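Fold and geometry: a report
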Amino acid sequence: MNTARLHQRFLLCTGADTDTRKIRKNSMFFALQGGNFNGNEFAEEALIKGARYVVVDDKRFVKNKEEFILVKNVLETLQKLAIFHRNYLGIPILAITGSNGKTTTKELVNAVLSRKYKTIATTGNLNNHIGVPLTLLSMDDQTEFGIVEMGANHQLEIEFLCTIANPDYGYITNFGKAHLEGFGGVEGVIKGKSELYKFLQEKHKLIFLNLDDEIQRKHEGYNHTFSFGTTKAADVKLEYQPGLPFAQLNFNNTVFKSKLTGSYNATNMAAALCIGLYFKVEFSEIQKAIENYTPENNRSQIIQTGTNTIIMDAYNANPTSMHAALENFKSLKTDKQKIAILGDMFELGSAAATEHQVIANYVKNSDFSESYLVGTNFKNTDSNGNLIFRFRDTDHLIEHLKGSNFQNCYFLIKGSRGMALEKALESIQKNDL
């Protein structure tokens with residue numbers, strides 16, 4: 001079946017699904033295959049649970065029903081359908097990528113633009129070669145604006161995602177020490193993330209630039225840009241406020257406050273402001289959207305529990321974001337005892353030992369009351385101190401926390417998602433005695 005005919009059937013559906021545990025009635029189920037699973041095996045189950053059609057690539061699982069659509073490769077079919085659907089809708093698409101803050105920025109931008117447009121944005125972190133197509137297929141003829149987050153851990157991945165989403169606008173949050181193993185170092189990160197700007201330049205589309213970022217300033221000579229920053233050359237000139245613990249900025253003699261912890265989040269706020277102004281969202285609506293945005297999913301959250309305050313930022317971590325979080329934590333003015341709980345940073349390749357040691361050294365030279373370093377990489381660091389404790393994994397940390405009492409403490413919890421440091425939160429809450 002060619003893509004045009006498949007798209008006609010897709011328009012009769014409520015959307016695209018890839019997980020039988022989350023099947024929507026009358027959706028189109030794509031039987032993806034992976035290293036440890038074969039979605040074809042669940043095609044019949046998807047129909048039983050309410051799917052209208054199932055797209056499969058293994059004829060052994062095809063029943064003699066018109067609901068089955070046999071293709072050569074389900075993943076490629078999903079991607080081609082997403083491209084066709086994106087072109088069919090013809091709506092403006094903004095792509096966002098970067099090493100740190102892309103999900104928070106995406107959420108802020110969506111909050112702002114949804115004040116004027118009917119938007120659809122990437123949900124969660126569906127930002128890869130499967131997630132981007134699913135995001136595009138979640139848009140319909142009621143959607144006026146699409147916001148697509150793009151993640152990558154190696155070069156040419158952003159370029160590929162751009163061929164699917166075909167963005168009209170793009171923004172890169174920053175270039176940090178993330179996924180160094182796949183990108184082959186920081187220069188590889190810069191090259192890989194910049195594939196978004198390269199694509200937009202080749203298509204003569206618009207780039208949003210942070211002129212306070214030295215790397216982004218290299219694109220300043222491109223004709224189609226709209227910028228923000230503290231420099232006079234910026235289209236949106238603003239100031240960053242030292243507001244703690246929540247990020248703030250000042251624009252047009254107006255202070256924008258937020259519910260986001262960490263001064264580093266002010267740049268994400270500025271990007272949302274810049275993009276909102278470009279698309280002519282009412283100024284007051286932009287301010288309301290930014291100030292009312294509440295972080296979740298363990299991203300830059302402040303949680304109050306009894307006498308303790310917790311900065312929960314355990315969704316992801318790399319050396320750049322870890323250092324920024326620690327600097328922010330160190331600068332907080334509080335009478336409470338400061339306790340840092342840090343988990344291993346993943347996908348650093350040969351740089352892992354060095355980067356973890358740098359963080360351990362920073363912790364040693366800080367004035368934290370206690371620091372807990374969790375994970376194999378942190379356990380192998382050698383910056384010793386009377387108030388630095390190391391644990392092989394999160395379960396061993398929790399065992400230690402069970403025997404501790406915490407009163408009037410300020411915690412920073414930061415680590416890669418795979419460390420599951422959010423599990424330590426319950427122990428802290430129980431031991432606020």
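Above this note sits the structure.
To keep things clear, this report deals only with the structure shown in the data block. Please read all numbers here as calculations on a predicted model, not as lab measurements.

Conventions used here
Residues numbered from 1 in each chain as written. Predicted model: local features only at pLDDT ≥ 70, side-chain atom pairs only at ≥ 80, totals over all residues. Heavy atoms only, no water. Helix = DSSP H or I, 4+ residues; strand = E, 2+ residues; numbered from the N terminus. Rg over C-alpha atoms; globule rule 2.2 N^0.38 Å. Buried < 20%, exposed > 50% of the residue type's maximum accessible area, 1.4 Å probe, protein only. Areas by Shrake-Rupley, 256 points an atom, 1.4 Å probe, with all protein chains shown as cover. Lys, Arg positive; Asp, Glu negative; His and termini not counted. Charge placed at Lys NZ, Arg CZ, Asp CG, Glu CD. Pairing = 2+ DSSP bridges. Axes fitted to C-alpha atoms, helices over the stretch in contact; angles between N-to-C directions. Contact = heavy atoms within 4.5 Å. Core = buried A, V, L, I, M, F, W, Y, C linked by side-chain atoms within 4.5 Å. Salt bridge = Lys/Arg side-chain N within 4 Å of Asp/Glu carboxyl O. Polar contact = N/O pair within 3.5 Å; in protein donor to acceptor, adjacent residues only side chain to side chain.

Within the protein, the secondary structure is distributed over 16 helices and 22 strands. Here the protein has a C-alpha radius of gyration of 23 Å; the compact-globule value for 433 residues is 22 Å, and the two agree. Dimensions of the protein along its principal axes, counting C-alpha atoms only, are 70 × 50 × 40 Å. Considering the protein as a whole, with its 433 residues, one finds that 55% of them fall into the buried category. Surface accessibility of the protein: about 19400 Å² in total, with carbon and sulfur atoms responsible for 46%. Separation of charge centres in the protein, based on 48 positive and 47 negative side chains, amounts to 2 Å.

Right, let's get into the pairing of strand β18 (residues 308–313). When a strand is regular, its side chains alternate between the sheet's two faces. Most of β18 sits out of view: 6 of its 6 residues are buried. Along β18, one buried face is formed by N308, I310 and M312 and the opposite face, lined by T309, I311 and D313, is buried too. By the bridge criterion, 5 bridges tie strand β17 (residues 301–305) to β18 in an arrangement that is antiparallel. Residue pairing across strands places Q301 opposite M312, the latter belonging to β18.

Before going further, it helps to spend a moment on the sheet that holds strand β21 (residues 388–391). Pairing is mixed across the open sheet formed by 6 strands, whose spatial order is β17-β18-β22-β19-β20-β21. Looking at strand neighbours, the two that pair on one side only are β17 and β21, the edges of this open sheet. Neighbour-to-neighbour, the strand axes of the sheet open up by a mean angle of 15 degrees, direction not taken into account. In this structure, strand β19 (residues 337–343) lies alongside strand β22 (residues 409–414), joined through 6 bridges in parallel fashion. Counterpart to A340 in the pairing with β22 is L412. Along the sheet face, helix α15 (residues 394–402) touches β19, β20 (370–374) and β21 and points at about 150 degrees away from the line of β20.

Once that is clear, we can look at the nonpolar core. By size, the foremost hydrophobic cluster in this structure holds 106 residues, and its most contacted members are M28, L136, M150, F208, L273, L326 and L342. Sort the elements by how many residues they give to this core and helix α10 (residues 265–278) lands first, with 8 residues. For L273, the contacting residues outside a window of four places in its chain are V236, L238, L249, F251, F256, I286 and I290. Among the nonpolar cores identified, the runner-up in size contains 20 residues, and I339, L401, F411 and L421 belong to it.

Taken in spatial order, the 4 strands of this open sheet run β1-β2-β5-β6, and their pairing is parallel. One side of each edge strand has no neighbouring strand; the edge strands of this open sheet are β1 (16–17) and β6 (68–70). Strand direction decides the pairing type here: β1 and strand β2 (residues 28–30), joined by 2 bridges, are parallel. Looking across to β2, one finds that A16 is bridged to M28. Packed onto the sheet, helix α1 (residues 3–10) meets β1, β2, β5 (53–56) and β6 and runs at close to 130 degrees relative to β2. Of the strands in this sheet, β2 and β5 are in contact with helix α3 (residues 74–89), which crosses β2 at around 135 degrees.

For the rest of this paragraph, the subject is the side chain of D344. Tracing the chain through its elements places D344 in the loop between β19 and α13 (352–364). This buried residue, D344, is left without a salt bridge; R390 holds the nearest opposite charge, at 9.2 Å. Side-chain polar atoms of D344 contact the backbone nitrogen of T376, separated by 2.9 Å. Within the local environment of D344, its side chain forms a polar contact with the backbone nitrogen of F378, the two atoms lying 2.9 Å apart. Excluding residues that lie within four positions of it along the chain, D344 makes contacts with H356, V374, G375, T376, N377, F378, G415, S416 and M419.

Take I130: it is sitting in the loop between β8 (119–121) and α5 (131–137). Along the backbone, I130 and L32 are 98 residues apart, and their C-alpha atoms lie at a distance of 9.4 Å. Ignoring sequence-local partners within four residues, the contact set of I130 consists of L32, L75 and L78.

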